[in-house]
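Summary of structural features
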Amino acid sequence: GVSVGKRCGGSVQRNRIKRLLREAFRLARAEFPTGYDIVLVPLGKGGTFAAFDRSLRALVPEAIRRARAAAGRKGSAEGPQVPG
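To keep things clear, this report deals only with the structure shown in the data block.

Let us now look at the overall build of the protein. Within the protein one finds two helices and zero strands. Across the protein, the fraction of contacts at a sequence separation of at least 24, relative to all contacts at a separation of at least 6, is 67%.

Before going further, it helps to spend a moment on a nonpolar patch on the surface. On the surface, V39, V41 and L43 cluster together to form a nonpolar patch covering roughly 320 Å² of accessible area. Relative to the elements of secondary structure, V41 occurs in the loop between α1 (11-28) and α2 (49-78). With relative accessibility at 47%, the residue V41 sits in the partly exposed group.

Okay, the nonpolar core next. I17, L21, F32, F52, L56 and V60 are the most contacted members of the largest nonpolar core, which totals 13 residues. Elements that contribute at least two residues to this core include exactly α1 and α2. Of all the elements, α1 adds the most residues to this core, at five residues. Residues in contact with F32, not counting those within four places in the same chain, are F25, L56, R57, V60 and P61.

Conventions used here
Residues numbered from 1 in each chain as written. Predicted model: local features only at pLDDT ≥ 70, side-chain atom pairs only at ≥ 80, totals over all residues. Heavy atoms only, no water. Helix = DSSP H or I, 4+ residues; strand = E, 2+ residues; numbered from the N terminus. Contact = heavy atoms within 4.5 Å. Patch = residues over 30% accessible without salt bridge, like charges linked within 9 Å, V, L, I, M, F, W, Y side chains within 5 Å. Areas by Shrake-Rupley, 256 points an atom, 1.4 Å probe, with all protein chains shown as cover. Salt bridge = Lys/Arg side-chain N within 4 Å of Asp/Glu carboxyl O. Buried < 20%, exposed > 50% of the residue type's maximum accessible area, 1.4 Å probe, protein only. Core = buried A, V, L, I, M, F, W, Y, C linked by side-chain atoms within 4.5 Å.

Distances and angles like these do not, on their own, reveal function.
Listed below in structure tokens is the structure:
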């Protein structure tokens, strides 16, 4: 999902950011494992496709790594781990 707040600009700017984020995700989707819900929330105004693409390819794998580590810590004490 993509959520773009009003601090990112007016509706035209917010919709442009959403389109760029969706396209960056579409192109990088094959690199990410399945089974995770990913919510994208940009923090500032503007941005280019290249910047969104770089950020997405760097941050999503890191977030997944952290989610797996947290599930491993939780799963070791309470039950099965999250597959993936």
